[in-house]
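Structure assessment
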Amino acid sequence: TGDVPGLSTVEAILTARLKASGLTVGTRAAPAFGGNTLIGTRAGKGTRRIMMLVHYDTVFGTGDAAKRPYTERDGRAYGPGVADAKGGVAMILHVLAALEALHFDGYGTLTVVLNPDEERGSRGSRSILRRRRVICTSMARSEFSPPSSGSRPSTSIRVGRSTASPGVSARRRMSVCSLPVRRI
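Predicted, not measured: the structure shown is a model, and the values here were computed from it.

A closer look at a positive patch on the surface
- Where like charges cluster on the molecular surface, the positive patch consists of Arg120, Arg123, Arg126 and Arg130.
- Summarising the element assignment, Arg120 is placed in the loop between strand E6 (109–115) and helix H4 (126–134).
- Of the residues examined, Arg120 reaches a relative accessible area of 43% and is grouped as partly exposed.

Some words on helix H1 (residues 4–20)
- Here H1 spans 24 Å end to end across 17 residues, near enough to the 24 Å set by a 1.5 Å rise per residue.
- By the burial criterion, the buried members of H1 are Leu7, Glu11, Leu14, Thr15 and Leu18. Looking straight down H1, one finds that the buried residues subtend no more than 110° of arc, so they occupy a single side. Facing away from the buried side of H1 by more than 90 degrees, the exposed set consists of Pro5, Ile13 and Ala20.
- Against the buried residues of H1 lie strand E1 (24–29), strand E2 (36–43), helix H3 (82–101) and E6.

Some words on the confidence of the model for the protein
- Residues with a pLDDT of 70 or more make up 71% of the protein, whose mean pLDDT is 74.
- Taken together, the stretch residues 153–184 has pLDDT below 50 and engages in 68 contacts with residues farther than four places along the chain or on a different chain.

Topic: the packing of aromatic side chains
- This model, assessed by the stated rule, comprises one aromatic pair.
- Measuring from centroid to centroid gives 6.1 Å for Phe104 and Tyr107, while their planes differ by 50°, and the two rings are tilted.
- Its end group placed over the ring of Tyr78, Arg73 keeps NZ or CZ at 4.1 Å from the ring centre.

Concerning the layout of surface pockets
- In this structure, the largest pocket encloses a volume near 800 Å³.
- Along the wall of the largest pocket there are 29 residues; nearest its centre are Val10, Thr58, Ala65, Pro80 and Lys86.
- Elements with a contribution of two residues or more to the lining of the largest pocket: H1 and H3.
- Per-element accounting of the lining of the largest pocket gives the leading share, seven residues, to H1.
- Looking at the lining of the largest pocket residue by residue, the class counts come to 15 nonpolar, nine polar and five charged.

A short note on the pairing of E6
- Taken across its seven residues, E6 has six buried, putting it largely inside the fold.
- Bridge analysis of E2 against E6 gives six bridges, and the strand direction is antiparallel. Bridged to Leu38 within E6 is Leu114.
- As judged from the seven bridges shared by strand E3 (residues 49–55) and E6, these two strands associate in the parallel manner. Bridging across to E6, Met51 finds its partner in Thr111.

Side note on the pattern of salt bridges
- Counting across every chain of the model gives two salt bridges.
- For Glu100, the salt bridge identified is with Arg42, shortest N-O distance 2.5 Å. Here Arg42 lies in strand E2 and Glu100 lies in helix H3, a separation of 58 residues in the sequence.
- We note a salt bridge from Lys45 to Asp105, for which the minimum N-O separation is 3.8 Å. Pair noted here: Lys45 is in the loop between E2 and E3 and Asp105 is in the loop between H3 and E6, with a separation of 60 residues, a long-range link.
- Asp105 sits in the partly exposed class, given a relative accessible area of 28%.

As for the environment of Asn36
- Relative to the helices and strands, Asn36 is located in strand E2.
- For the pair formed by Asn36 and Gly124, sequence separation is 88 residues and the distance between their alpha carbons is 8.8 Å.
- A distance of 3.1 Å separates a polar atom in the side chain of Asn36 from a polar atom in the side chain of Glu11.

Basis of the calculations
Residues numbered from 1 in each chain as written. Predicted model: local features only at pLDDT ≥ 70, side-chain atom pairs only at ≥ 80, totals over all residues. Heavy atoms only, no water. Patch = residues over 30% accessible without salt bridge, like charges linked within 9 Å, V, L, I, M, F, W, Y side chains within 5 Å. Areas by Shrake-Rupley, 256 points an atom, 1.4 Å probe, with all protein chains shown as cover. Salt bridge = Lys/Arg side-chain N within 4 Å of Asp/Glu carboxyl O. Lys, Arg positive; Asp, Glu negative; His and termini not counted. Charge placed at Lys NZ, Arg CZ, Asp CG, Glu CD. Helix = DSSP H or I, 4+ residues; strand = E, 2+ residues; numbered from the N terminus. Buried < 20%, exposed > 50% of the residue type's maximum accessible area, 1.4 Å probe, protein only. Expected span 1.5 Å × (residues − 1). Arc of directions from axis to C-beta. Contact = heavy atoms within 4.5 Å. pLDDT = per-residue confidence, 0-100. Phe/Tyr/Trp six-rings, centres within 6.5 Å; stacked < 30°, edge-to-face > 60°. Lys NZ or Arg CZ within 6 Å of the ring centre and 35° of its normal. 1 Å grid on protein atoms, 1.4 Å probe; cavity = no way out; pocket = protein on both sides within 12 Å on 5 of 7 lines; lining within 4 Å. Points joined across faces, edges and corners; volume = space filled by probe spheres on them. Nonpolar A, V, L, I, M, F, W, Y, C, P; charged D, E, K, R; others polar. Pairing = 2+ DSSP bridges. Polar contact = N/O pair within 3.5 Å; in protein donor to acceptor, adjacent residues only side chain to side chain.

The structure is reproduced here in C-alpha cells:
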C-alpha cells in the first residue's frame, strides 16, 4: 500500500493477464495511497452479473520481496503477500483461465475488481467497490487466511448474492457464506 512504483508494476502484470483472459480493462485512480483500481469486464450469454474481487496491495514495504523472494517448498508457497492476498489474485486468474478453457459464457456480465489499497481500509477505492457491488447479482471475494501455529492455511472463496438497492449499507448488501476451496 502506498508504494506507487510497486503497485504500478503489479498493475501492469494484472492488466495484461486480465486482457489475455478476454476482459476489457479500465482503471480508476485510488488517490488516498496511490495505485489504480482495476476493473475488468466481459459480456456473456446469460443473465447473471458476477463479480470477483480481491486486493493486490500488501502490508510489506519496498524491498521486502527482494529480501524474502517467492519460493516453493513441500507444496507450499512462501514470500511477502502470498497469503494476503496474492493467493487470491492467483485464484481469480486461474478461474478466468478455466472459464476460457471451458468456453463458459453462461453469465450476463463477469466483472473482476482488483483494488490497490485494502491494507489501509480501501479509502481510495471504497466508492468504486460499493457501486460495483450494487450492480452484481453474485459476488466472490477471494482471500487466503494464513495458517496458525503449524496448521494448514484456510483457503476459501466467499460467495454471496447482492440483495441491495442504492443506499443500503455495504455490510447489508451481501448475504455471504464461505466455501472451502476443496468443496468447490
